[in-house]
Amino acid sequence: MRKIEERTKKMILIIAVVVFCIALIFGGIMIYGRYQMSKIPKLSFQEILEYTTKDNADAVITVGIVKDGQISYKVYGENGKELPAELHTYEIGSLTKTFTAALISKAIQEEKINIDCTIDNYLSLPKGNTYPTIEELLTHTSGYKGYYLESPMVSNFFNGRNDFYGVTKEMVSDKAGNLNMNKASYDFVYSNYGYAVLGLVLESVYETEYTSLLNDFAQNELCLTSTQISDKSGDLGKYWDWKDGDAYLSAGAVTSNIEDMLLYAQMQLENNSYFSDCHNSLKSINASTEMYKTMGIHMDEIGMSWIIDSKNNIIWHNGGTGNYNSYLGFNPETGTAVVVLSNLAPNYRVPATVLGVKLLLELDNDK
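Bear in mind the structure is a predicted one, so any value in this text is a computation, not a measurement.

Draft legend 1. How the structure looks around the sheet that holds strand β5 (residues 228-229). A sheet is described by the order of its strands in space; here three strands give the open sequence β4-β6-β5, paired in antiparallel fashion. Because the sheet does not close on itself, it has two edges, and the strands there are β4 (90-91) and β5. One ladder, built from two bridges, connects β4 with strand β6 (residues 254-256); its direction is antiparallel. Across the sheet, the residue bridging to E91 is T255, located in β6.

Structure, rendered in structure tokens:
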């Protein structure tokens, strides 16, 4: 009996030591990461780009600029070396949400949606609950979490798939019907789920699947002929899997290239009411983390999906998937915009958002 107790104590001690060592390792990694990131504000865009792509032969980062009414772009590879200016297809991740917001803006102008109405005006949901408004979903102030666990997410994790693959519209709708958002107001919490719900609202009022809505809007109305819901047909590979009709398509399933995204950036700078209405501040959110502030990134207010950096007069959004990350930011006063499309994971060295903000500020300072 005493031997069993001694073995148990030894096992507990070994486990405790292992846990302590793991904590030390992760703590060290975090401290080192913060130290490395603390160097970034002092570096130029080119220096950050070279560091991000250092010794990575697979890196393909396309950077586009709108300046003085002209558009241009360059493609960079390993160690920041300029590559031939070819068009590559990137996942733009949550930049998809700006298209979803533009479709909502269009529906508002067509009097199909009222921004102040709650979602049960458009979706068949149980009576007696309090539901968020369209505005609260657009501004991530609905009270909804980032996502809610559904059974496909478990198998997606073990199969290395996109988290949201196979999450159906019925699952999202059923969850919405079980949530009672009865507080007077909620703080900003970035919600992919909220934009999945907005996709359902759009499908309801237009009686058309989101994929058809988005593809038609992008390609036929906006003339962005290479922008669509992903069908994995691009040249860079490692694209997320999606099922037809997945509920989270409206949160992050669009693919595009730099030519289209620069035209899209130009549209943000023009007096197009679909987009200009999206840029108007709807909520003060003050959501900048200390790390973001150190990098010169500010999240002061929000419109219809677009983040407003009041300090630098930048309106922006970013996106990230498993193997891609992106950024689009513009200054409406100077007419300058920057697009960064990267085939690197969002947590790989320095993300596209930092690169994009750095370049945009450099361009505006030059002016």
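Draft legend 2. Molecular detail of the sheet that holds strand β3 (residues 82-83). Strand order across the open sheet formed by nine strands is β3-β2-β1-β12-β11-β10-β9-β8-β7, with antiparallel pairing between neighbours. Only two strands of the sheet have a single neighbouring strand rather than two, namely β3 and β7 (283-284). Bridge count for strand β8 (residues 301-302) against strand β9 (residues 307-309) is two bridges, and the pairing is antiparallel. Bridge pairing in β9 links I302 to I307. Against the sheet, helix α13 (residues 352-366) engages β1 (61-67), β10 (314-320), β11 (325-331) and β12 (336-342), with an angle of about 25 degrees to β11.

Draft legend 3. How the structure looks around unusual backbone geometry. Non-glycine residue E207 carries a positive phi angle of around 50 degrees. Relative to the helices and strands, E207 is located in the loop between α7 (192-206) and α8 (210-221). Of note, R349 is a non-glycine position whose phi angle comes to about 50 degrees, a positive value. Here R349 shows up in the loop between β12 and α13.

Draft legend 4. Structural context of the pairing of β1. Burial analysis of β1 places six of its seven residues in the buried class, the great majority of the element. Relative to strand β2 (residues 70-76), β1 runs antiparallel, the two being bridged by seven bridges. When the bridges of β2 are listed, V66 appears paired with I71. Connecting β1 to the next strand, β2, in antiparallel fashion are two residues, including D68 with a positive phi near 55 degrees. Looking at chain direction, β1 and β12 are connected through six bridges and run antiparallel. Bridge pairing in β12 links V63 to V340.

Draft legend 5. Molecular detail of empty space enclosed by the protein. Scanning the entire structure with this criterion turns up two cavities of 30 Å³ or more. There is about 50 Å³ of room inside the largest cavity. Every residue along the wall of the largest cavity is listed here: K169, A196, G199, L200, E203, Y210, D246, A247, L249 and S250. The set of elements that each furnish at least two residues to the lining of the largest cavity consists of α7 and α9 (249-252). Top element by residues in the lining of the largest cavity is α7. It accounts for four residues. Taken together, the residues that form the lining of the largest cavity break down as five nonpolar, two polar and three charged.

Draft legend 6. Geometry of the nonpolar core. Counting residues in each nonpolar core, the largest one holds 77 residues, and the members touching the most others are I119, I134, Y144, Y248 and Y264. In terms of residues, this core owes the most to one element, α7, which gives ten residues. Apart from residues no more than four positions distant in its own chain, I119 is found in contact with L125, Y131, P132, I134, L137, Y144, V197 and V201. Grouped together as the second largest cluster of nonpolar side chains are 30 residues, I285, I297, Y327 and V357 included.

Draft legend 7. Main features of the packing of aromatic side chains. Applying the stated criterion to the full structure yields 14 aromatic pairs. Judged by centre distance (4.9 Å) and plane angle (80 degrees), the rings of Y148 and Y193 are edge-to-face. Of the two residues, Y148 sits in the loop between α4 (134-138) and α5 (151-159) while Y193 sits in helix α7, which places them 45 residues apart along the sequence. In this pair, the class of Y148 matches that of Y193, namely buried. Among the aromatic residues, ring-to-ring pairing joins Y90, Y239 and Y324 into one connected group. Over the ring of Y51 we find R349, and its NZ or CZ is 5.8 Å from the ring centre.

The rules behind the values
Residues numbered from 1 in each chain as written. Predicted model: local features only at pLDDT ≥ 70, side-chain atom pairs only at ≥ 80, totals over all residues. Heavy atoms only, no water. Pairing = 2+ DSSP bridges. Helix = DSSP H or I, 4+ residues; strand = E, 2+ residues; numbered from the N terminus. Contact = heavy atoms within 4.5 Å. Axes fitted to C-alpha atoms, helices over the stretch in contact; angles between N-to-C directions. Buried < 20%, exposed > 50% of the residue type's maximum accessible area, 1.4 Å probe, protein only. 1 Å grid on protein atoms, 1.4 Å probe; cavity = no way out; pocket = protein on both sides within 12 Å on 5 of 7 lines; lining within 4 Å. Points joined across faces, edges and corners; volume = space filled by probe spheres on them. Nonpolar A, V, L, I, M, F, W, Y, C, P; charged D, E, K, R; others polar. Core = buried A, V, L, I, M, F, W, Y, C linked by side-chain atoms within 4.5 Å. Phe/Tyr/Trp six-rings, centres within 6.5 Å; stacked < 30°, edge-to-face > 60°. Lys NZ or Arg CZ within 6 Å of the ring centre and 35° of its normal.

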